[in-house]
Amino acid sequence: MSTVEQEIAKRRTFAIISHPDAGKTTLTEKLLLFGGAIQTAGAVKSNKIKKTATSDFMEIEKQRGISVATSVMTFEYNSLLINILDTPGHKDFAEDTYRTLTAVDSVILVIDCVKGVEEQTERLMEVCRMRDTPVIIFINKMDREGQNPFDLLDELEQKLNLKVRPLTWPVNGGATFKGVYHLLEKQMYFFKGNKTKIEEEVVLLELDSDELDKKVGERDAAQLREDVELIEGVYEEFNREDYLSGKIAPVFFGSAVNNFGVRELLEAFCQISPFPIARQTNVRLVEPLEKKFTGFIFKIHANIDPRHRDRIAFLRVCSGVFERGKFYHHTRLDKDVRFSNPYSFMASAKEVIDEGFPGDVVGLYDTGTFKIGDTLTEGENLQYAGIPSFSPEIFKELINLDPMKSKQLEKGVQQLTDEGVAQLFTVQPGNRKVVGTVGELQFEVIQYRLEHEYGAKCRWVPMNTTRACWITCEDPKKLQEFIRLKGTQIGYDKDDNPVFLADSEWMLRMNRTNNPEIQFHTTSEFKVMAD
Ligand code: G4P
C-alpha cells in the first residue's frame, strides 16, 4: 500500500446531525473525550449559540470566533484519524448544515427517544438521501421515559423513508433503564449513570443463561429474549454493504450525557463507516487515489475581527495530496492560486500544515476569491457536484439607507451571500435586491454585519414570496417568453440563472400545470448536473 493509500484508509470524515436539543453537542463532546482530544466535559458546550436566542448578536460574534476552531474536530482513535465536521444547531442556519453534509463521507444521526423523529431530522435526512450518505442512528436519552423502541424504529422507517437495523437493544428505559444488549457481540452493557467519568460494566451473557435473569430480573430477561427473537425475525441480518450504499441504517441506543452507549457507537463507527471514496464532478467521477489533487470549498467563515476582512475557506480534499505553497487552479475563476499558511484542525489548536490527504479539511485564508462550491484542481477543468442552494423560505427586499455607502453595501451583500449566509436575487426593473433565507435570524445577522463590517446601513421590506424555483426549458425561446410574461415574479441568482418567485405553493402548482414545458427546480443542484 502506498503512503497515500494508507492515509486515505485511516480517515473517517463525518458529521453528527440532529434536531436541536436531541444531544448532538453532548455526543460530540463524549466522542472527543473517548478520543482523548479534550480532557474535560464542557469544552464543546461553550460553542453553542443558545437556541433560544433570536437576536443576540454579540453572542453570535463571540461564538463565531470559537466556532471557527471547532468547526472541524480531528482526533485519533484506534489508529484512525477521525474528522467531525460540526453543524450549527440553530434551525436558521440549516443551510450551513446541508452544505457541510456534502463534505462528509457518512453521518451519525441523533434522535431523542422521548421526541422521536422531529421536523429538522426529516429535512436533514432528505439531504443525506440525495447522496445516499451512509447513516448510523443513535437513539439518545434512554435514561428518560421515552417511546417504545419498536415504535421508534417504525417511526424512523416511515418518516425518514429508510430501513433500519438495531445493533443494540435497550432493557427498559427511563428510571428503570438497565442497559443495552449488543445484538452482534451478544453481550450486555449495564447502565451506570455518570456524567463526567467513563464507566461501564460489560458482561458477556448468553441470552438463555440463568445469569441474565439474575442480573436484570426475570421479567426483564424474559422481555429481552422476546424482543430479540422478534428483532431477529423481523429485521434482516445486518449487512455492511447495505449501510455503505445508504440503504440501511444501523441503530444504537444510549445516553450521551451519561457516557453510556457511546463507546459501542464509536467502535462500530470505526469498523463499518466508509473512508473517503470517489466523488462526482460535472465531468467524471474522481477517485481519491488519483495522483492529482482536487478539492472543493464547502464553507466560508468570516473573520471574527471586523477590522480584518479576510475569511477562512474550508477546503475538503477529494483526491491526491494538497501541498502548502503550490499553485492550484481555481476552476470557476480560471486562475491559479496558492496558499502559504493552510492549516488543519487537529485538537483545539490551529496548526499550519504542509499537506492534506483525501478526507481532510484544510483551512485557507481567503481575501474574497472563494464562493461556496468552488473547486481547486491541478489544472483540470471540473466542478464538484452537489453544493445545492435550497429554495429559501423567507424573502425580503434590501433597501439601502445611506446612498453614500452604496458601494460598501453592494460589496457586503455580495460577500455575505458568497459565504452562504443567504441567497441574493436581483429583480428588474431597478436592480432590486431580494434576499432569501431559511430563517428570520439571518436578516438580523446580515443587517448587523453590513453595518459593523462594511459600514453600510439597510432596512428590510418583507415580501409575499414563499418559494423560489430555478427555471429551465429545453426551448430557450419558451423560457424567454415565460420570463417576459412573469415580469417582477422573476429574479436572477448570483450566477444569472432565472428564478421564479412564487407567492404560494398554490401559485407554484398552477404555474407548473399551465406551463408544462418549463421545469421548476427547488434546489440549484440541476446547474452542475446540466453543465
Ligand atoms: P444539541 O446539541 O443537539 O442541541 O443538544 P445538546 O447536546 O446541547 O443537549 C440538549 C440537552 O439534552 C442538554 O441539556 C443535555 O445535557 C441533555 N442531554 C444530552 N444527552 C442526554 C441524555 O442522554 N440524557 C438526558 N437526560 N439528557 C441529555 P440542557 O439542559 O439543555 O443543557 P445542560 O444544562 O445540561 O448543559
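In this numbering scheme, every chain counts its residues from 1 along its sequence in written order. Whole-chain, interface and lining totals are the exception, using all residues; otherwise, since this is a predicted model, local features are given only for residues with pLDDT of at least 70 and side-chain atom pairs are given and counted only at 80 or more. In computing side-chain values, all of the structure's heavy atoms are included and hydrogens and water are not.

Novice: Explain the sheet that holds strand 26 (residues 432-437) to me, and be specific about the residues and the numbers.
Specialist: Two strands qualify as a pair provided DSSP detects at least 2 bridges between them. A run of H or I in DSSP becomes a helix once it reaches four residues, and a run of E becomes a strand once it reaches two; helices and strands are each numbered from the N terminus. The strand order 27-24-26-25-29-30-28-31 describes an open sheet built from eight strands, whose pairing is antiparallel. Sheet topology places strand 27 (458-462) and strand 31 (519-521) at the edges, where each strand pairs with a single neighbour. Geometrically, the sheet is characterised by an average inter-axis angle of 40° between neighbouring strands, direction not taken into account. Only the stretch in contact is used when fitting a helix axis, every axis being a line fitted to C-alpha atoms; angles between N-to-C directions are given from 0 to 180 degrees.

Novice: For unusual backbone geometry, give the residues involved together with the corresponding values.
Specialist: The omega angle of the peptide bond from Q428 to P429 is 0°, so this bond is cis rather than trans. The backbone of D132 sits at a positive phi, close to 50°, despite the residue not being glycine. Inspection of the secondary structure assignment puts D132 in the loop between helix 5 (119-130) and strand 5 (135-140). Partly exposed describes any residue whose relative accessible area lies between the buried limit of under 20% and the exposed limit of over 50%, with all areas from a 1.4 Å probe on protein chains only and scaled to the type maximum. D132 gets classed as partly exposed once you look at its relative accessible area, which sits at 47%.

Novice: Please give an account of the packing of aromatic side chains that cites residues and values.
Specialist: Centres within 6.5 Å are what make two rings of Phe, Tyr or Trp a pair, Trp counting through its six-membered ring; a difference in plane orientation under 30 degrees is then read as stacked, over 60 as edge-to-face, and the rest as tilted. Going through the model one piece at a time under the given rule, you end up with 18 aromatic pairs. Between F293 and Y328, the aromatic rings sit 4.5 Å apart at their centres with planes inclined by 50°, giving tilted as the arrangement. Of the two residues, F293 is situated in the loop between strand 13 (285-286) and strand 14 (294-302) and Y328 in strand 17 (residues 327-330); the sequence distance between them amounts to 35 residues. Taken individually, F293 and Y328 each receive the classification buried, so the pair is uniform in this respect. With a centroid separation of 6.3 Å and an interplanar angle of 35°, the aromatic rings of F395 and F425 are classed as tilted. Separated by 30 residues along the polypeptide, F395 in strand 24 (residues 394-400) and F425 in strand 25 (residues 423-427) bring together distant segments of the chain.

Novice: Lay out helix 8 (residues 218-234) with the relevant residues and their values.
Specialist: A rise of 1.5 Å per residue sets the reference length of helix 8, with its 17 residues, at 24 Å; its end C-alpha atoms lie 24 Å apart and thus fit the reference within 8%. Looking only at helix 8, the buried set comprises D220, A221, L224, D227, V228 and I231. What you see down the axis of helix 8 is that its buried residues fit within an arc of 125°, all on one side. With respect to the buried face of helix 8, the exposed residues turned more than 90 degrees away are E218, R219, E226, E229, G233 and V234. On its buried face, helix 8 sits against helix 6 (149-160), strand 6 (163-166), strand 7 (168-171), strand 8 (179-182), strand 9 (187-190) and helix 7 (210-216). Here a helix's expected span is defined as the number of its residues, less one, multiplied by 1.5 Å. The directions from the helix axis to the C-beta atoms are what the arc is built from. By the convention used here, residues are in contact when the closest approach between their heavy atoms is within 4.5 Å.

Novice: Tell me what's going on with the sheet that holds strand 1 (residues 11-18), and back it up with residues and numbers.
Specialist: Strands sit in the order 2-3-1-4-5-11-6 across an open sheet of seven strands; the sheet is mixed. Each of the sheet's edge strands pairs with one partner strand only, and the pair in question is strand 2 (72-77) and strand 6. For this sheet, the mean inter-axis angle between neighbouring strands, taken without regard to orientation, is 30°. Across three bridges, the pairing between strand 5 and strand 11 (residues 248-253) is parallel. The partner of I137 across the bridge, within strand 11, is V251. Sitting on the sheet, helix 1 (residues 3-10) touches strand 1 and strand 3 (80-85), and the angle it makes with strand 1 is about 20°.

Novice: Could you give me a rundown of the side chain of N258, with the residues and numbers involved?
Specialist: Of note, N258 is situated in the loop between strand 11 and helix 10 (262-272). A 3.5 Å cut-off defines polar contacts: any pair of N or O atoms within that distance qualifies, except that in protein one atom must be a possible hydrogen donor and the other a possible acceptor, and neighbouring residues in sequence count only when both atoms are side-chain atoms. One polar contact links N258 to D143, side chain to side chain, over a distance of 3.5 Å. Looking at N258, its side chain comes within polar contact range of the side chain of S255, at 2.9 Å.

Novice: Break down the nonpolar core for me, with residues and values.
Specialist: Counting residues in each nonpolar core, the largest one holds 62 residues, and the members touching the most others are L101, I137, I139, L153, L156 and L224. It is helix 6 that provides the largest number of residues to this core, a total of five residues. Sequence-distant contacts of I139, that is, excluding residues within four places in its chain, are made with I111, C113, L152, L153, L156, V251, F252, F253 and G254. Of all hydrophobic cores here, the second largest spans 30 residues; its members include L80, I136, L167 and L266. Side-chain atoms within 4.5 Å link the members of a nonpolar core, which is a set of buried Ala, Val, Leu, Ile, Met, Phe, Trp, Tyr and Cys residues.

Novice: Please set out the environment of V321 residue by residue, giving values where relevant.
Specialist: Structurally, V321 can be placed in the loop between strand 15 (311-319) and strand 16 (322-323). Between the alpha carbons of V321 and F293 there is a distance of 5.3 Å; along the sequence they are 28 residues apart. Setting aside anything within four residues of it in sequence, one finds V321 in contact with V4, K291, F293, Y328, E355, G356 and F357.

Novice: I'd love a proper account of the side chain of T281, names of residues and values included.
Specialist: Note on placement: T281 falls in the loop between strand 12 (279-280) and strand 13. Among the polar contacts listed, one links the side chain of T281 to the backbone nitrogen of V283, at a separation of 3.2 Å. A polar side-chain atom of T281 sits 2.5 Å from the main-chain carbonyl oxygen of R284. For T281, the residues in contact, after removing those within four places along its chain, are V286, L382, Q383, Y384 and A385.

Novice: I'd like a description of the pattern of salt bridges, backed by residues and values.
Specialist: In a structure, side chains of opposite charge can pair up when their charged atoms sit close to one another. We define a salt bridge as a contact between a side-chain nitrogen of Lys or Arg and a carboxyl oxygen of Asp or Glu at a distance within 4 Å. According to the stated counting rule, one finds 32 salt bridges in the structure shown. Here D213 makes a salt bridge to R225, at a shortest N to O gap of 2.7 Å. Of this pair, D213 sits in helix 7 while R225 is found in helix 8, placing the two residues 12 residues apart along the sequence. Taken together, the shared-partner salt bridges connect R311, D366, E419, R449 and E453 into one network.

Novice: Would you mind going over the environment of L416 in detail, with residue names and values included?
Specialist: Position of L416 among the secondary structure elements: in helix 11 (residues 406-418). Owing to a relative accessible area of 2%, L416 belongs among the buried residues under this scheme. When the C-alpha positions of L416 and H301 are compared, they lie 9.6 Å apart, and in sequence the two are 115 residues distant. If near-sequence neighbours (up to four positions away) are discounted, L416 is found in contact with V421, A422, I446, R449, L450 and Y454.

Novice: Which residues make up the confidence of the model for the chain, and what values do they have?
Specialist: pLDDT is defined as a per-residue confidence score from the predictor, taking values between 0 and 100. Counting all residues, the mean pLDDT for the chain is 86, and 85% of those residues have values of 70 or more. The secondary-structure element of the chain with the lowest mean pLDDT is helix 15 (residues 526-530), recorded at 45, while strand 5 shows the highest, at 98. Contacts from residues 46-55, a stretch scored under 50 in pLDDT, to residues over four places away or in other chains number 20 contacts.

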